[in-house]
4 protein chains.
Amino acid sequence: MALTGVIRPGHCQLRVLDLERSIHFYTHVMGLKPMGRDASGRAYFKCLDERDHHSLILRQADRAGMDFYAFKVSDVAALDRLEEDLRAYGVATERIPAGELLETGERVRFRVPTGHVFELYAHKTDVGNEMGYLNPEAIIDGRKGISPIRLDHWQIHGNDLDGSRDLFCKVLGFTVAERALMADGRTDMAVWMSCSNKAHDIAFVRDARDDTLHHASFLLGTWEQVLKAADVITIHRVAMDMGPMRHGITKGTTIYAFDPSGNRFETFCGGYDFYPDMQPTVWTWEEMGRGVFYHTRELNERFLSVVT
Amino acid sequence: MALTGVIRPGHCQLRVLDLERSIHFYTHVMGLKPMGRDASGRAYFKCLDERDHHSLILRQADRAGMDFYAFKVSDVAALDRLEEDLRAYGVATERIPAGELLETGERVRFRVPTGHVFELYAHKTDVGNEMGYLNPEAIIDGRKGISPIRLDHWQIHGNDLDGSRDLFCKVLGFTVAERALMADGRTDMAVWMSCSNKAHDIAFVRDARDDTLHHASFLLGTWEQVLKAADVITIHRVAMDMGPMRHGITKGTTIYAFDPSGNRFETFCGGYDFYPDMQPTVWTWEEMGRGVFYHTRELNERFLSVVT
Amino acid sequence: MALTGVIRPGHCQLRVLDLERSIHFYTHVMGLKPMGRDASGRAYFKCLDERDHHSLILRQADRAGMDFYAFKVSDVAALDRLEEDLRAYGVATERIPAGELLETGERVRFRVPTGHVFELYAHKTDVGNEMGYLNPEAIIDGRKGISPIRLDHWQIHGNDLDGSRDLFCKVLGFTVAERALMADGRTDMAVWMSCSNKAHDIAFVRDARDDTLHHASFLLGTWEQVLKAADVITIHRVAMDMGPMRHGITKGTTIYAFDPSGNRFETFCGGYDFYPDMQPTVWTWEEMGRGVFYHTRELNERFLSVVT
Amino acid sequence: MALTGVIRPGHCQLRVLDLERSIHFYTHVMGLKPMGRDASGRAYFKCLDERDHHSLILRQADRAGMDFYAFKVSDVAALDRLEEDLRAYGVATERIPAGELLETGERVRFRVPTGHVFELYAHKTDVGNEMGYLNPEAIIDGRKGISPIRLDHWQIHGNDLDGSRDLFCKVLGFTVAERALMADGRTDMAVWMSCSNKAHDIAFVRDARDDTLHHASFLLGTWEQVLKAADVITIHRVAMDMGPMRHGITKGTTIYAFDPSGNRFETFCGGYDFYPDMQPTVWTWEEMGRGVFYHTRELNERFLSVVT
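Residues numbered from 1 in each chain as written. Chains lettered and ligands numbered in written order. Predicted model: local features only at pLDDT ≥ 70, side-chain atom pairs only at ≥ 80, totals over all residues. Heavy atoms only, no water.

As annotated in an unreviewed UniProt entry, chain A carries the name Catechol 2,3-dioxygenase and is attributed to Sphaerotilus hippei. Looking at the Sequence similarities (unreviewed entry) heading of the UniProt record, one finds this comment for chain A: "Belongs to the extradiol ring-cleavage dioxygenase family." Its UniProt record gives chain A the following Subunit (unreviewed entry) comment, quoted word for word: "Homotetramer." (UniProt positions renumbered as here; feature names shortened; annotations may be inferred.)

As for the interface of chain B and chain A
Listed per partner, the contact involves 46 residues of chain B and 46 residues of chain A. Counting the contacts that link chain B with chain A gives eight salt bridges. Taking the shortest distance from any N to any O, the salt bridge between Asp273 of chain A and Arg150 of chain B comes out at 2.7 Å. Taken together, the links from chain B to chain A amount to 27 residue pairs in polar contact (both at pLDDT 80 or more). For the side of chain B that touches chain A, the secondary-structure elements that each account for two or more residues are β1 (6-16) and β17 (281-283) of chain B. Across the side of chain B that touches chain A, the residue classes tally to 22 nonpolar, 10 polar and 14 charged. (Contact = heavy atoms within 4.5 Å. Salt bridge = Lys/Arg side-chain N within 4 Å of Asp/Glu carboxyl O. Polar contact = N/O pair within 3.5 Å; in protein donor to acceptor, adjacent residues only side chain to side chain. Helix = DSSP H or I, 4+ residues; strand = E, 2+ residues; numbered from the N terminus. Nonpolar A, V, L, I, M, F, W, Y, C, P; charged D, E, K, R; others polar.)

Topic: the sheet that holds strand β7 (residues 107-111) of chain A
Within a sheet, each strand pairs with its neighbour through backbone hydrogen bonds, oriented either parallel or antiparallel. Residues and elements named next belong to chain A. The eight strands lie next to each other as β2-β3-β4-β1-β5-β8-β7-β6, forming an open sheet whose pairing is mixed. The open sheet terminates on both sides in strands that have one partner only, identified here as β2 (33-37) and β6 (94-96). With direction set aside, neighbouring strand axes in the sheet form an average angle of 25 degrees. The sheet contacts of helix α2 (residues 76-88) involve β1 (6-16), β5 (65-73), β6, β7 and β8 (117-121), and relative to β8 the element is tilted by about 145 degrees. (Pairing = 2+ DSSP bridges. Axes fitted to C-alpha atoms, helices over the stretch in contact; angles between N-to-C directions.)

Quick look at the pattern of salt bridges
Here the structure, examined in full by the defined rule, presents 152 salt bridges over all chains. The closest approach of N and O atoms between Glu137 of chain C and Arg237 of chain B, which form a salt bridge, is 2.9 Å. You can see Glu137 of chain C sitting in the loop between β8 (117-121) and β9 (150-158) and its partner Arg237 of chain B sitting in the loop between α4 (223-235) and β14 (240-246), one on each of two chains. Here Arg209 of chain D ties to Asp207 of chain D by a salt bridge, and the two come within 2.8 Å at their closest N and O atoms. Of the residues examined, Arg209 of chain D reaches a relative accessible area of 32% and is grouped as partly exposed. When salt bridges that share partners are traced, they join Asp38, Arg42, Glu100, Arg107, Arg109 and Glu119 of chain A into one network. (Buried < 20%, exposed > 50% of the residue type's maximum accessible area, 1.4 Å probe, protein only.)

Comments concerning helix α4 (residues 223-235) of chain D
Relative to the 18 Å expected for 13 residues at 1.5 Å per residue, α4 of chain D spans 18 Å between its end C-alpha atoms, a close match to the ideal helical length. Backbone geometry just after α4 of chain D places Arg237 of chain D at a positive phi near 55 degrees. (Expected span 1.5 Å × (residues − 1).)

Brief notes about the relation of the copies chain C and chain A
Least-squares fitting of chain C to chain A yields an RMSD of 0.0 Å, with the transformation described by 0.0 Å of translation along the axis and a rotation of 180 degrees. Considering both components of the superposition, the chain copies are consistent with a two-fold axis. In terms of C-alpha distance to the rotation axis, chain C has Pro244 of chain C as its closest residue, with the C-alpha 3.1 Å off the axis. Here 100% of the interface residues in chain C have copies in chain A that are interface residues too; the copies meet face to matching face. (Least-squares fit on C-alpha atoms with pLDDT ≥ 70 in both.)

Observations regarding the pairing of strand β13 (residues 212-219) of chain C
Residues and elements named next belong to chain C. A large share of β13 lies buried, amounting to eight of its eight residues. Alignment of β9 against β13, held across seven bridges, turns out to be antiparallel. Paired with Gln155 across the two strands is His215, which belongs to β13. Pairing geometry for β13 and strand β16 (residues 264-270), over four bridges, is parallel. Looking at the pairing, Phe218 lines up with Thr267 of β16.

Right under this line is the structure:
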C-alpha cells in the first residue's frame, strides 16, 4: 500500500468545564497516562499503548465540546502536498507553529463544511508504548480503569455532511465504508469513513447543529474489556448512555457514556477490517435502529439529542 | 492514506498430496467455503467473511508446499505501475491471463530472491461475505470447524532474505514492523513486513531451503475462537505443532498445526495495529525463543525444522 | 458435602400459545435439542450438555406462563424424606406417577405460598451429553442458535414471599445467597436462593400477581457467548428486553428477551460460587437499580411490569 | 441439597525454600493478598475474592512440598460427626487447637492412605471479599499479577490411591467425577473427586512417591485471564511447565508453572458443573495423553516426573 498521506487520528482538544475534575476522570476512570501541562494550562494524555506523546488535550472552557480534531500524516512531504491540495480544493489553511502543542510539529489547520476544525501534522515525539521496541513484553500488567489502547475515531455532527464527506474523500484520501440513508433512499444521513484498514476513522452525521461532537471513541482489545469498562463506569458512577452492545454499523461492540463535562465518549472493540476495494455497506432509513444498536434495534432519545 | 498499490494477501496455491482428503480437511476442519473446481481440477476456497471469490487454491501434487503467493493491488493502474517498478528494479515479470484462475483478473507474476513465486492482481469477483452489504446482520450463525475470518499472512523461508526484504520495501511499498537479529546483532534472521495496518502481511526467515513455506496463517476474531480452533484440531485428530500460545513478535495469539499433506497452518488472533511511522520492534538472538513462543520462551525442534 | 436432598432445577413445563412456532423457536433460536412429544402433545427439549432426558416441556395453552417447576433430588430415599418433611411442615403433596412425563420417575407435587406448583423427582433417564462418558471430546462443534449449557434457575413472583422463602430454606435445604430489601429496610422484596454452589437456583420476588413467572434462565459458558446470544436474538428478530448487561445481584452477565408467547427468558453467565457458610449479600431499596442492572443502574418499566 | 459436611478446600500449608522470595512471588506474581505472619514466622495469603482469612500458608523449610491440606466443613456439628466417622473407619485423628493457625478454629487432623496429612475445620474469620456484602460493586478494579479467584483444588500422589479414594468417598462424602484407568482397564490410575458442584475438589494419582504434591490449583474466571496469567508468568520469568491448554479431563483450561521453590501450581478455568447423580467419566490408558493435555494429546516428561 502506498503509505503516504493521512494515516490516523492523532489528537484532539476537548473542552472541559472543570479541569481538575476532568484530569482525575481521564487519569483514574478512563485510565489514560497524564503527559504534562503546557504554559496555557492545557493537560495532555496518551493511552498506554500509544507511542506518540499524546492523543488527548483537555482545555478548561465554559462550554463542552471539541476545539479541533487532528490526523497524523505520513511525513512532511505529505503535509505540504495535502495543504496544497486543500487550497486547490478551495479550503483556507493556516499553519500552527511547531511546539504550540507539546512535542508536536507544525500543524496545518482548516475548517470543514460541517463547521469542525481539523488539523494535519507530520511529527509528534515517540515517547514509547510502555513495552519498548527491543525485546518487549507482550502486555502491560496492572492496568487500571478503562485503559484503552488508543484514540480510535470521532463521530461529529453538522449540516453540510455532503461537503465534509467529499472533502475527506476527494482531498484527504478517505473511503466511505458504511452509509446510512435518509428516508428518501438517496441522501446520506451519516457516513463512516476510513483512511486505513479500520472500518472507520471518522463518522459524519447530518445535523443542524454545526461543529458538534457526538463522541470520541477509544479502542479496547476484547469484548471482556468492554464489560470491564462498563463495570468501571459504574464503580465510578459515571453517567452511562448505552451499552454494552454491538453496533450493526461497523459490527463493533460499544459502550457510550459521558465525561464529567457531558462530552460523550465511546469504548469500542472489534468490527471488521476495511480495504479500499470494498464496496460500502448501506443502511436504509427503517433499519437505522438496528444499524446503530444491533441488539435493542432502536435508537434512544439521548443518543439522538445530546451533542457537545 | 493514499490507498494505492499493494493492499493485502489475496490468494495462494497450495500443493496437496491427496486432493479429496484435503478438500474434506479445508471444508470441514478449517471451515472454509468450497468455491468450485476449475478445468485443471484445482479446488477453490474462501473464508466465510471474505468478499472476493477465493483466497486458497488446492492443487494435487507429489510434494507439499506453495506454488505461489498473491497480493491484491488497489486497481489496474497500480498493477501496471508496480509491474514497471519491478522491471525497473531488475525483476522479470510475466502476465498470467485473466481467467486462468476462476473469477480472477490478469496477474503479474515474478520470482523473489528467496525463490518464491509472487503475483499481483487487481480484480477478483466480489461474491459477498455471507452477510450482505445492505442492512446486514452482524454475525454468521452456525459456523462449523475453525472457520477463520480471512487468509492473513504467510511465513516463508529462503536464503536471500535481504534481497526479498528489500524488494518488498523498495518496490512493493512494505514496511518492516519487526526484525529478529542473528547472533552478530546486525543481520536479519527474520523480518515481519506490513503493507497495511496489520503487524504483518508477510514474514521472511533466512533459511538455506529456498522457496519453502513455514506456514499460511488464517485470522480468528478472539482468543476464545483460538481455543475452539485447538479443540476442533483435536476432535479431528489433526497433527498439532504448538499452541494455543502468544507470540512475543506481533503480540498475537496462535496455534500451529499441519494439514493432511504436512503443510503447516496457523490460526492467528490479535496483535497490535501497525502504522508506517512506527519504528520497528527488534528482537535479539538470545531472546528469539520468547519472541516466537512468548509463554514457553523456547523454540521447539519441529518449528525450526519442518517446512514444505 | 452430604449430597442428599434437592440438587438442581430439573425441568419445567411452559405454556405456549402456538406450539409449532414455539418448537421452532426453542429448536432453532434457543438451540435446544428436541427430545420428542408425548401422547398429550407436549414437546420435550434438553440443552446439548445436559445429561437427563429433558429440562423443558412445552404445552399448548391459551395463556403463557409456567405450569410447574421441578427439582431433581439425589435419590428415592431423599424424595420420600422430603415429602414427609413437606407434610410435617403442613404442605399438601401429591404423587404423579412415573411415566406421566417421558423418561421421568415418580414426582412429588406441591404448591408453595406464592402460588407456584413445584415438583421433586429422583429419576430421569440419562440420555447422554453429546460428548459421552468414555474418553469424551471436550466440546460440541457446530452448535447453532443460543445453545445454552443447561436450564439454570427461575425468577418467579407472588405475594407471600416470606412463606415460599421459609419453605425452601426450612424444608428443602436452600440457603439465601442475596436479599433485596424494601424501603423499610427489613422486609425482603426479593430473595435469591441456592441448593448448590450456584449463587441462585431460584429467586422469589414479592408481587401481588401470584403464581407468575418473571423468567426462566439458561446458562451460557462465557461473556462472548452472551454476545452471540444477543446477536442470534437480533438475527431472528426476537423481542429483546434488556442486555447484554451485568447484574449487581449474583454478579452474573445477562440478556433478557421473550419467547414467541411472551414468556421472558434469560441467558445467564458467570457470577460467583456460593457456599452455605457465606453470609448473604444485602441490597437496599435505593440501590436496587444497580443491583438488577449494574451498568444502567436503573430498572426499566418492562422489567417491572411484564410477567406471565 | 443437604449442605452438611465437607464443603470446600479451605487452606493448605506449603513448604518454601526461601520465605522472603516466596512472599514476593505469591504477592506480586500470583497476586494474592498478604494476610500477616504468625509467631512461628509463617506467612498467610488469601485470594482477593475469598472471604475467609486465608487459604495459603507458607512455611520456610529445607524441602518443597505441602505440609497439610484442609477442607472447611459446614459447622461444628459436622466437624464432630466427621471425626467420629473417621475413627469408626479406623483413621486416627488429632485435634489442633483453635488459634494454632491465625483466625482459624479447631482442626481435626488425620493421615490418609497415600500418606498426605488432611485437616477439617469449621471456623475461619470472614474478613471480606474486597467488594463487601452490602450493595457491593461487581468487580475489583486494578488487580495485579495472576490474581486468582480462589484456591480451587489439589492433585496429590501416593501409592495407595484406592485407600485414599475410598476414605474420601465413604467417610468424607466425596463423589468420583472422573477416573483414568491403568492399562489393565480396571485399576484407577487417577481419580478426580468432588464434594460440591465442581468437577474436582481433589485428585489422587497412583505414584510410588507417597505424600507428594503434583500441583495446587487456583481458579481464574475466564480463558482471557488464563492468557493473562501466562503473560504474567513470562513477564516475571517464572518457570513454565505447560500451557495455556485445555484438559480433556474436567474440560477445564489450564496453565502449569512452578513457584520459586519448585512447587507446581495451576491456574485453572472452566470445566463443567458436576452433580452427584452423574455417572463418572472414564479415560482409558491409551487416551490418557488427550485426557490430560487435550490439544497436544501427549504427556510431557516434566508433568510425569516432577512432584514435591
